[in-house]
Amino acid sequence: MEGHASGGKEGEKGLRGRLMGKLRKEKKSQNQDDVDEFLHGPSDKLHMMPVTNEPAYPKPLTRIDTNTARRWPSAAEVQRARIIRGRSVSPKRRKGLVVRFTQEQPEVIGEGGDEATSPVAEIGMRKRANSHPPNLQPSHLQPSRQQNLIVRRPVNSPRHSQESVRSQNTEGPPPGTLQRTQTGFESVPETRSGPVQENVSGKNGGLEDGARHALSQRSGSDRRSFAEIKADFQSGEGLALVNAASNTAIIDQHLPGAPGTAVDGISPQMDELHLNTMKNVHIPASPGIPVQQTHGSPVAPNDPQVAEHLTESPAGLSRAPTLTLHEAAVAVGEDALQDFSNRVVHLFTLFRLSAESVKPLPKCTLEELVRAALWWFLKGRLYIEAAVRDRPSSPHAQQTNFFVRQQAYADLAKSLWLVETITSDYPETQLRPCSTDSNSPLADILDVRQGIMASLRKLTMSMKRNNFLPPDSDDVPLTQGLDATIWVQDDGNRSLIASQRPTSAARLSETFPPGDTTQAFLFSRMFVEAVLLEEAASQHYRCPVMVSVIRGQWDKEATAIVASQDGSLNLAIQSERGRGPLWEDVRWQVKHSAVELKLPRGFVLRLHCSEYEFRTLWGIYDYEKKTHASLHQRSGENLVFETILRTFQIFDQGSHSAFPKEPLPHCHFRLFEKTVVEKAATGPRTMHRGFRIAMNTSSKTKNLRGVDQDLLPRDPIQFGFLRGEGGFPALLFKIRDGMAKYTMVCTFEDVSERTRLHTLATGIALGKGEDVIAEAPIKTMAVEIGDESKENCLRGLEWHNFRVINQATSDVQSTKTVLSEDLRVVMDFKAGSITDRINVEPGELKLRLDVNILNELRVLRQPQQDVTISVSESQVSRELPQELAMLLGDLSKTESTRIYTFPSTKELHLFQAALTGFSVLFDGIASSFNISRRRMVVPIYKKWDANTTRILIVQKEKVVQLVAFFENFSHGDCMNFTLKSTDIFESSSRSGKYSLRIVDAKFAMPKTRGEAESGIEHGFVCLDMPDYPGEHDDITLVFDNEEGREALINALPAPVKGASRIGSVRR
C-alpha cells in the first residue's frame, strides 16, 4: 500500500510539473550537466555491446500460466501501442546506464526518402520483427512441406539484404487451423550456440558488404525507381531458382527462421515482386533425384556435408536437380494459362449468367458442356489467328480488328471456363485414363476435354511469347457489345432437322475435329449460317454451323462436315454414294457466296458464307478435283505405265515452288502416251505425239500435290540413272518445257520398273506383238534439212547400233512397212538414243544409194512430229540438248534426209530390207547403162547412155524390181521398174565387156530436176509404189567383168538367152 501511495504521489508531482511547465512556457537551460545527463541515454536502451559474463545457453524459464495468458494482443492494445510509439515522450532514465560509440560499421536496414519502396515505419517494424530469436523448425513438420519451403532473395537488388521465406505448396492439402503451442520449458528444443547462424551470415557477407558499400556511395539522384527494382528481380529469377532448387533442404535446416516463418511487415510493392519471383517454384524437379529432408534436431555446423552445401561449391551446383524439356514446357504452359485466366476471370460471371438463362448448368450433360467448350475454343482460336495475321491500316480497320480480338479472347475464356470450372465437378472427369473403354463415347468426351486443356496451354503459351495475351481487366474496361453467350441461338422450325439426322451417331472428335489426327487431316474450318429449307413448304430452320473440311488418310477426296453446336444438324459432303450427300449435289452460287446442297425428300441446305470463306471452300474442292483429274485418261491418250513410287522428289522447282523439297513417299505415278488420229484416203492413221506424266501424292500426305507434265517430241528427253536412299533404283527427268524448268526424281522398289518406264518414255519398249526384226552396228547417222546439213550435232556422237522394231513375222518380206503404226528405227549412241517412227502412207518412203560410197543409205522423210530423242543429262554437254531441240523443230516443219552409214553393205541390206520390206538380191556397179529410144516419126533409135550406175535387184514376195542410181546423168538421177517372169533377157560379150539386154522393157523415164516436186525428191526412188511404166524400149547393162553380170543373171526372175542377131519384134 505504501508503495502504491508513494508511486501515486510521484506521478501526481510529475503531472503537475508538466502542466505548469506548459502553461508558464519555461525552458530548461542548456548546461554541461544536461549534456552529461543526455549522454547517459534513456533507461530503455539496449546494450550495444554484449556482456562478457553472460552464459552461452539460455536461462531456465519458469512455467507460465497458460490459462490466464493471452497469446496475441488485442486490436485496441496494438492501436494504442502505435499511438504511444508515435509520440515524442521524454523517457525516463535509469542510473548506471551509459552509451558508448561502437567501432562496427552501421547496418543498413533500408532506404528512406520520397523514392523509397517502403515507408520508414515499416522498415523499422520489419527490423524489430527480425531481431527476435528465431523459432526452430519443429520435427513434426510434414516432409512435403519441407520440400516446398524455399528461401528466395533478390539477386541483383542490394537494397534488400533480408531473406524472404515463402511456402509454395499450393497444390498440396490445405493447412490446418491455428492451434495453441505449448510454451513451457519442455517445448523448447535443445539448441546450440550461434555458429551456424554466423556461418550462414558469413557466407553471404561479401554480397551484403558490397550492397552496403554501394548504398553508401549512392547519391540522391542515383536512386532507382520501383520499375528498375522489379526488372532486377525478374532478371535474377533464373539464378535464384537454381540456388533455391539446389540448396532448399540445407537452408531449411540451418537458416534462422526459415521453415514455417512468415515474413511480416512487407510492403505491397515488395510483396508483388516476391510473388512474381516465387511463381517458378512450381516447376517440379527431375524425377529420380532425392530431396534432403530434416527430421529431429538440427545438424551441427561443423558437419562437412553441411559446410559443402553452405559454401555452394561448383560441384554442388552440378549435382543440383535439373529440369527436362517436357517438364519445363509444361511449367511454362501452365504459367501462361494461369496468366490468361487471371486476365479473363472477370468474364466468368457473365458466362454463368448467360448459360443459366437458357439452361441450368447442373442439368447439362458432360457431353453438352464439352461440346460447347470445343465449339468456343475452335472459334476463338480461328479468329485470334485471323486477327493476328491481319495488319489493319485505317482507323476503322484497326477498331474492327481490336473488337475481333477481344471477342476471340472471350470465346477462349468460355472454353476455359467450361472445361476447368464447370466440368471439373463431374465425377466422370476424375476417372483414370484406362478405366473406360477406348471406343466408348465417354472415353472420346474425356479425351476431347483433355485435348482442349492441352491446346489452351499451347495457345496461351504462344500468345504470351508473342505478346498477344488479353489486357488486364484493370487496365482496359469491358468491351461494349461483347458476346458472352454460351449456347448459340437458332431460329425456325426445329422439326425440319429430325428427318436429316444421320442413322449412326458420330463421335465428338469427328464432328468437331480439333486438328490433324492419326486418322484424318484438317484443311479448313469456318463458321457460317445454315438454312434448312423444304421446297414444298415455306418453313425453314436457321442456325450457326461449323464447316470442317477433312480428308481421311485412306481417302482420296476430301469431306466437308457440317455440324451445329448441339449436334442436331450433322451431315457430311463426300464422294461415295450411299454414305450421304455427294459433291455432285452441290451448287456453287458465286454471286451470293452461298453453297446450296440438295438433300433427300425435297430438302435443301443453304450455307451463307463470306466471300473469303466461299473462295476457300471452292478452292479446296476445285484444286482437289483438278489434281485427281490429272490421273484420269484423257481423249487421245493411252495408259502405258502405272506404279506406286517409293519416293518422288522435285529439284530446281521453278514453277513448282510450292512443292515440298523433301522426298514424298508412296506417290501414284502414271505415264500416258499421247496420240492423234489423222484421216487419209487409205483410212485413219494414228500418230504418236509424245507422253504425259501424271503424279499424285499419297493420301497419307496431308498437302495434296500433283504433277501434270507433257513430254512432247519437240524437246529431247533428258534422263539419268541414279541410286536413291537405301540403294533403291531411281530415274531422273530434267524438264525444260517453256517456262517449266525443274528436275524430278522417281525412286522405285525394283530395277525392272525403272527400266520399263525408261524404255517406254524413249520409245524403245516392245509393245504387244512387237519384235526386233533387224539389229546391227552402225557407224554414223546424220540429218540434212533440204540442202543444209545439220549433221554437226549428230556426227560427234558415238554410235553403237540400230534396231528396227515392227510386228513380229516369219519373214522380212511379209512385214507390213506401209501404214504401219509399229514400225520404228532406234539408233543407239553412247549417251542416249533416237527413235524414228516410220508411219508412212503409200509412196511416201523414198530412198537412195550412193554410187561411190557403197555403205551409205539415204532416206527421204516428210515433215514429222513423232521423233523421240533421249540423252543422259550427265554425259552430254550443256549445249547438246538445245541443238537437238532445234533439230527436232526443223524435222517437224520441212522434209529431211536421213543419212545412215554402215560398216559394210551387209548391214545396209539388212537395214534396207527391214525398212522397206524388199530384200536385196543383187547390188553391183555397171560401167554403162543404155536406154534405146525410138524417134517419133522415123525408125531411128537413139541411145541414152549413163556411165557408172549402181544396180539393185530387190524382191518382196513375188514382186521383183530393178533399181538404178546414176551419177552425172543428164536425163535423171535414178529409176526403178518391175521385172516380170515374161520379160526377155539376153546376154553377150564383146571386147572384154559383158552385157545384159532387157528386151522391150516396160519402165518410166527418170525424173529430171525440173520435173520433181521438191528440189531433192528426183534423186530418190519409191519401192512400194513405182511410177507407171510408159516406155517400152530395150535396156542394156554393161559390166567390166563376167562375175558381175553372172550375179545379176542369178537375181533375174526369168532365164537369160544368148544374144540374137535379129532385132527385136518392134524393129
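Residues numbered from 1 in each chain as written. Predicted model: local features only at pLDDT ≥ 70, side-chain atom pairs only at ≥ 80, totals over all residues. Heavy atoms only, no water.

What to know about the overall build of the chain
Step number 1: Secondary structure summary: the chain contains 24 helices and 39 strands in total.
Step number 2: Taken over 1067 residues, the chain has a buried fraction of 41%.
Step number 3: Relative to all contacts within the chain whose residues are 6 or more apart in sequence, the contacts with residues 24 or more apart total 70%.
Step number 4: Per element, the accessible surface of the chain, about 60700 Å² overall, is 52% carbon and sulfur. (Helix = DSSP H or I, 4+ residues; strand = E, 2+ residues; numbered from the N terminus. Buried < 20%, exposed > 50% of the residue type's maximum accessible area, 1.4 Å probe, protein only. Contact = heavy atoms within 4.5 Å. Areas by Shrake-Rupley, 256 points an atom, 1.4 Å probe, with all protein chains shown as cover.)

Section: the sheet that holds strand β28 (residues 867-872)
Step number 1: The ten strands lie next to each other as β13-β12-β19-β18-β17-β28-β25-β24-β23-β20, forming an open sheet whose pairing is mixed. A strand with exactly one partner marks an edge of an open sheet, and here the two such strands are β13 (664-665) and β20 (770-777).
Step number 2: Of the strand pairs in this sheet, β20 and strand β23 (residues 799-807) are connected by seven bridges, and their pairing is antiparallel. Residue pairing across strands places glutamate 775 opposite arginine 803, the latter belonging to β23.
Step number 3: Contacts from helix α23 (residues 905-916) reach β20, β23 and β24 (824-829) within the one sheet, and its direction differs from that of β20 by about 155 degrees. (Pairing = 2+ DSSP bridges. Axes fitted to C-alpha atoms, helices over the stretch in contact; angles between N-to-C directions.)

A closer look at the environment of isoleucine 573
Step number 1: Note that isoleucine 573 resides in strand β7 (residues 570-573).
Step number 2: For the pair formed by isoleucine 573 and aspartate 585, sequence separation is twelve residues and the distance between their alpha carbons is 8.8 Å.
Step number 3: Apart from residues lying up to four places away in sequence, isoleucine 573 is in contact with Ala558, Thr559, Ala560, Pro581, Leu582, Trp583, Val586 and Leu597.

Considering the nonpolar core
Step number 1: In terms of nonpolar packing, the biggest core is built from 50 residues, with Leu794, Trp799, Phe802, Met827, Phe911 and Phe965 touching the most fellow members.
Step number 2: Residue contributions to this core peak at five residues, all from helix α22 (residues 880-891).
Step number 3: If you look at the next biggest cluster of nonpolar residues, it comprises 48 residues, including Phe348, Ala355, Ile422 and Met453. (Core = buried A, V, L, I, M, F, W, Y, C linked by side-chain atoms within 4.5 Å.)

A look at the packing of helix α14 (residues 348-358) against helix α16 (residues 395-422)
Helices that pack against each other are described as a pair by the angle of their axes relative to one another and the distance between those axes.
Step number 1: The interhelical angle for the contact between α14 and α16, taken along N-to-C directions, is 80 degrees, at an axis separation of 10 Å. Taken together, the axis directions place α14 and α16 in an arrangement best described as roughly perpendicular. Along the contact surface, α14 presents Phe348, Phe351, Arg352 and Ala355, while α16 presents Ala410, Ala413, Lys414, Leu416, Trp417, Thr421 and Ile422.
Step number 2: Its residues assigned to classes, the contact of α14 with α16 shows eight nonpolar, one polar and two charged. (Parallel < 35°, antiparallel > 145°, perpendicular 65-115°, else oblique. Nonpolar A, V, L, I, M, F, W, Y, C, P; charged D, E, K, R; others polar.)

Some points on helix α20 (residues 751-762)
Step number 1: For α20, which comprises twelve residues, the first-to-last C-alpha distance of 17 Å matches the rise-based estimate of 16 Å (1.5 Å per residue) to within 8%.
Step number 2: Within the span of α20, buried status applies to Arg754, Leu757, His758, Thr759, Leu760, Ala761 and Thr762.
Step number 3: Where α20 ends, the next residue or the one after it, glycine 763, has phi of about 80 degrees, a positive value. (Expected span 1.5 Å × (residues − 1).)

Describing the pairing of strand β37 (residues 993-1003)
Step number 1: Of the strand pairs in this sheet, strand β36 (residues 984-990) and β37 are connected by seven bridges, and their pairing is antiparallel. Bridge pairing in β37 links isoleucine 984 to valine 999.
Step number 2: A loop of two residues connects β36 with β37, the two strands running antiparallel in sequence, and serine 991 in this loop sits at a positive phi of about 55 degrees.
Step number 3: Judged from the eight bridges that link them, β37 and strand β38 (residues 1031-1039) form a sheet pairing that is antiparallel. In the strand pairing of β38, alanine 1001 is matched with aspartate 1033.

Re the sheet that holds strand β35 (residues 974-979)
Step number 1: Across the sheet, which stays open at both edges, the four strands sit in the order β30-β33-β34-β35 with antiparallel pairing between neighbours. In this open sheet, the two strands that pair with only one neighbour each are β30 (919-926) and β35. Neighbouring strand axes in the sheet, compared pairwise and without regard to direction, differ in orientation by 15 degrees on average.
Step number 2: The pairing of β30 with strand β33 (residues 949-956) spans seven bridges and is classified as antiparallel.

Let's talk about unusual backbone geometry
Step number 1: The phi dihedral of arginine 601 falls on the positive side, at around 60 degrees, and the residue is not glycine.
Step number 2: Mapped onto the elements, arginine 601 comes out in the loop between β9 (594-599) and β10 (603-608).

Observations concerning the packing of α16 against helix α17 (residues 441-465)
Step number 1: Running from amino to carboxyl end, α16 crosses α17 at an angle of 140 degrees, the nearest separation of the two axes being 10 Å. Comparing the axis directions of α16 and α17 gives the class oblique. α16 and α17 meet at a crossing whose hand is left-handed. Contacts between α16 and α17 involve Tyr409, Leu412, Ser415, Leu416, Val419 and Glu420 from the first element and Arg449, Ile452, Met453, Leu456, Leu459 and Met463 from the second.
Step number 2: Residues of the contact of α16 with α17, tallied by class, amount to nine nonpolar, one polar and two charged. (Left-handed = near helix turned anticlockwise from the far one by under 90°.)

What to know about the pattern of salt bridges
Step number 1: For the structure shown, the criterion picks out 37 salt bridges.
Step number 2: Between aspartate 335 and lysine 464 there is a salt bridge whose closest N-O contact spans 2.5 Å. Of the two residues, aspartate 335 is situated in helix α13 (residues 325-344) and lysine 464 in helix α17; the sequence distance between them amounts to 129 residues.
Step number 3: Owing to a relative accessible area of 32%, lysine 464 belongs among the partly exposed residues under this scheme.
Step number 4: As a salt-bridge pair, arginine 615 and glutamate 611 come within 3.4 Å of each other at their nearest N and O atoms. (Salt bridge = Lys/Arg side-chain N within 4 Å of Asp/Glu carboxyl O.)

A short note on the environment of leucine 845
Step number 1: Positionally, leucine 845 belongs in the loop between β25 (832-837) and β26 (846-849).
Step number 2: Between the alpha carbons of leucine 845 and threonine 916 there is a distance of 8.1 Å; along the sequence they are 71 residues apart.
Step number 3: Setting aside residues up to four positions removed in sequence, leucine 845 forms contacts with Ile838, Val840, Val859, Leu860, Arg861, Leu915, Thr916, Val1021, Cys1022 and Asp1024.

Concerning the packing of aromatic side chains
Step number 1: One pass over the structure, following the stated rule, counts 22 aromatic pairs.
Step number 2: Ring pairing ties together the aromatic residues Trp583, Trp588, Phe614, Trp618 and Tyr621, which thus form one cluster.
Step number 3: Note that lysine 414 overlies the ring of tryptophan 376, its terminal NZ or CZ placed 3.6 Å from the centroid.
Step number 4: One Lys or Arg, arginine 646, reaches over the ring of phenylalanine 728 and ends 3.8 Å from the middle of that ring. (Phe/Tyr/Trp six-rings, centres within 6.5 Å; stacked < 30°, edge-to-face > 60°. Lys NZ or Arg CZ within 6 Å of the ring centre and 35° of its normal.)

What to know about the environment of leucine 374
Step number 1: By secondary structure assignment, the location of leucine 374 is in helix α15 (residues 366-389).
Step number 2: For leucine 374, a relative accessible area of 2% translates into the label buried.
Step number 3: Sequence separation of leucine 374 and proline 514 is 140 residues, and the distance between their C-alpha atoms is 7.9 Å.
Step number 4: For leucine 374, the residues in contact, after removing those within four places along its chain, are Val448, Ile452, Leu508, Phe512 and Pro514.

So, the side chain of serine 928
Step number 1: Tracing the backbone shows serine 928 in strand β31 (residues 928-934).
Step number 2: A distance of 3.1 Å separates a polar atom in the side chain of serine 928 from a polar atom in the side chain of asparagine 930.
Step number 3: Leaving out residues up to four positions away in the same chain, serine 928 has contacts with Asp945, Ala946, Asn947, Thr1036, Leu1037 and Val1038. (Polar contact = N/O pair within 3.5 Å; in protein donor to acceptor, adjacent residues only side chain to side chain.)

Digging into the pairing of strand β4 (residues 520-534)
Strand residues, when the strand is regular, have side chains that alternate between the two faces of the sheet.
Step number 1: Taken across its 15 residues, β4 has eleven buried, putting it largely inside the fold.
Step number 2: Here β4 runs beside strand β5 (residues 540-552); their pairing, made up of 13 bridges, is antiparallel. Residue leucine 522 lies in a different strand from β5, and its bridge partner there is isoleucine 550.
Step number 3: Here β4 folds back onto β5 in antiparallel fashion, the turn holding five residues.
Step number 4: With six bridges connecting them, β4 and β10 associate as antiparallel partners. Each bridged residue has a counterpart across the sheet, and for glutamate 534 the counterpart in β10 is phenylalanine 603.

A few points about the confidence of the model for the chain
Step number 1: Across the chain, pLDDT averages 76, with 66% of residues at or above 70.
Step number 2: Across residues 85-92, where pLDDT falls below 50, the model places five contacts with residues more than four positions away in sequence or in other chains. (pLDDT = per-residue confidence, 0-100.)

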